[in-house]
Structures are given as C-alpha cells and as structure tokens.
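Topology and contacts: notes
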Amino acid sequence: MLQPSRVKHTKVHKGKLKGRTSRGAELSFGTFGLKAEESSWLKSNQLESARKVMARFIQRGGKIWIRVFPDKPRTAKSAEVGMGGGRGALSHFVVPVEAGRVVFEIDGLLEDQAREALRLAAHKLPIKTRIVKR
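The sections below set out a description of the structure shown in this document.

What counts and what doesn't
Residues numbered from 1 in each chain as written. Predicted model: local features only at pLDDT ≥ 70, side-chain atom pairs only at ≥ 80, totals over all residues. Heavy atoms only, no water. Pairing = 2+ DSSP bridges. Helix = DSSP H or I, 4+ residues; strand = E, 2+ residues; numbered from the N terminus. Axes fitted to C-alpha atoms, helices over the stretch in contact; angles between N-to-C directions. Contact = heavy atoms within 4.5 Å. Buried < 20%, exposed > 50% of the residue type's maximum accessible area, 1.4 Å probe, protein only.

Brief notes about the sheet that holds strand β4 (residues 72-76)
Spatial ordering of the open sheet is given by β2-β5-β4, a layout of three strands whose pairing is antiparallel. The sheet is open, and its two borders are formed by β2 (40-43) and β4, each paired with just one other strand. Pairs of neighbouring strands in the sheet enclose a mean axial angle of 50 degrees, with direction left out of account. Judged from the four bridges that link them, β2 and strand β5 (residues 89-97) form a sheet pairing that is antiparallel. Opposite Lys-43, over in β5, you have Val-94 as the bridge partner. Contacting β2 and β5, helix α1 (residues 44-58) crosses the sheet at an angle of about 70 degrees to β2.

Let's talk about the environment of Gly-108
Position of Gly-108 among the secondary structure elements: in the loop between β6 (102-107) and α2 (111-123). Gly-108 gets classed as exposed once you look at its relative accessible area, which sits at 54%. On a C-alpha basis, the gap between Gly-108 and Glu-80 in space is 49 Å, while along the polypeptide they are 28 residues apart.

This is how it looks when you write it as structure tokens:
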C-alpha cells in the first residue's frame, strides 16, 4: 500500500475540503484519466485496490499513473475502549481529494480498454468519478 516511509507527526489537523481543486485538474501524463467529482478522503487501501484491478485488467498492456499520494496520518482507538486516555495509535493514511482532481491516468491502450479499466477502478473508490480524455 502507498504510505510515507516515515512521518514527523502521527497526528495532524483534519482540515477542510474546499469546493473544487485548483491544481491537478488536467491530464498530465496519460490519454485517459479518472477525475473525482466530489471531495472526500481516500484511504491508501482504496487506492491500492483500484490500482490492482486496473493492472489486472490491462495485463502489462499500458501504463498507469497514480496522481495522488496518501500522506495524512489518521489515528484510531481500538474497539471497546472508553472515552479519554489520549489519542489512539496510528491506523492508516489518507489523501484529501477535492472535486475536479485527477486521481488516475492511463495510456497505451485502446479507448474501450482504457474506459473499462477506469470503470473497474471507479467501482473501488467511495466517491463519484468521471472518465476524462485528452
């Protein structure tokens, strides 16, 4: 899974997800891309699941770029632990994705193959997405 090799602080501010993104909204590498239509946090295991299903579908036929990186640590307390007692242990990493951000790009495939691979990846993500073309 994608995660930083080390973090300086294991607890960071939640932050606010603004309306639409101002950066990362255009295709930079590939011919087709998967663009987020709503803002949310994406976990590293969700991104990995989407990447794996795309890679399995294209079978070494094209190239995939992941345009986001989960570097925001999230903590969680274990189950059935009462309130208080400080923060929980480091649980997982997320990436804040704003609406309009390109999450995946793909190249080297025919249009119908690329659209099918991105459609399969979109089913693994908890947000509405749209397939865009250069």
